[in-house]
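Spelled out from the first residue to the last, the chains are:
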Amino acid sequence: MVKISDFQIKDVVNVADGKRLGNIGDIEINLITGKIEAVVISGSGRVLGFFGRDEDVVIPWKNIIKIGHDVILVRYKGTEEKGLEEAES
């Protein structure tokens, strides 16, 4: 059995670009089926917590590739799309 606290200490890494997304702050559970639907990576505070926070990153459970001892590998395309939008502007 694995506890949510065990998940929260692992780094979440996007296999698409190798970037660290953060740590799991919450999970979404389907109350009817009892299955985990997604994990939520809390947005980090900007400039020592001032000027708001980044948006939370929601990773569907089906996009989790591997849960290792120290890291969780996920497939997340949000960072690629963000980079493309910035490059086009």
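Quick summary incoming for the structure in this document. Fair warning: this is a prediction, and the values are worked out from it, not measured in the lab.

The rules behind the values
Per chain, residue numbering runs from 1 following the sequence as it is written. Residues qualify for local features only when their pLDDT is at least 70, as the model is predicted, and side-chain atom pairs are given and counted only at 80 or more; totals for whole chains, interfaces and linings, by contrast, use all residues. Water and hydrogen atoms were dropped before computing side-chain values, which therefore reflect all heavy atoms in the structure. Any two strands with at least two DSSP-identified bridges between them are counted as paired. The way it works is that DSSP assigns letters per residue, a run of H or I at least four long becomes a helix, a run of E at least two long becomes a strand, and they are numbered from the N terminus. Helix axes are fitted to C-alpha atoms over the stretch in contact, other axes to C-alpha atoms as well, and angles between N-to-C directions run from 0 to 180 degrees. When accessible area is computed with a 1.4 Å probe and restricted to protein chains, residues below 20% of their type maximum are described as buried, those above 50% as exposed, and intermediate ones as partly exposed.

1. Considering the sheet that holds strand β5 (residues 64-67)
Sheet strands associate in pairs through backbone hydrogen bonding, adopting either a parallel or an antiparallel arrangement.
Part 1: With mixed pairing, the six strands of this open sheet are ordered in space as β4-β3-β2-β1-β6-β5. If you trace the sheet from one side to the other, it starts and ends with β4 (57-60) and β5, each paired once. Taking the axes of each pair of neighbouring strands and ignoring which way they run, one obtains an average angle of 40 degrees across the sheet.
Part 2: By the bridge criterion, four bridges tie strand β1 (residues 11-14) to strand β6 (residues 71-74) in an arrangement that is parallel. Each residue of the ladder has a partner; that of N14, found in β6, is V74.

2. Quick word on the pairing of β6
Part 1: Side-chain alternation along β6 places I72 and V74 on a buried face and V71 and L73 on a face that remains uncovered.
Part 2: Between β5 and β6, which pair antiparallel in sequence order, lie three residues.

3. A closer look at the pairing of strand β2 (residues 20-29)
Part 1: Relative to β2, β1 is paired through three bridges, and the arrangement is antiparallel. Note that in β2 the partner of V12 across the bridge is G22.
Part 2: In sequence, β1 turns back onto β2 through a hairpin of five residues, with G18 there showing a positive phi of about 75 degrees.
Part 3: Strand direction decides the pairing type here: β2 and strand β3 (residues 36-41), joined by five bridges, are antiparallel. Looking across to β3, one finds that D26 is bridged to V40.
Part 4: What sits between the antiparallel neighbours β2 and β3 is a turn of six residues, in which G34 has the positive phi angle 80 degrees.

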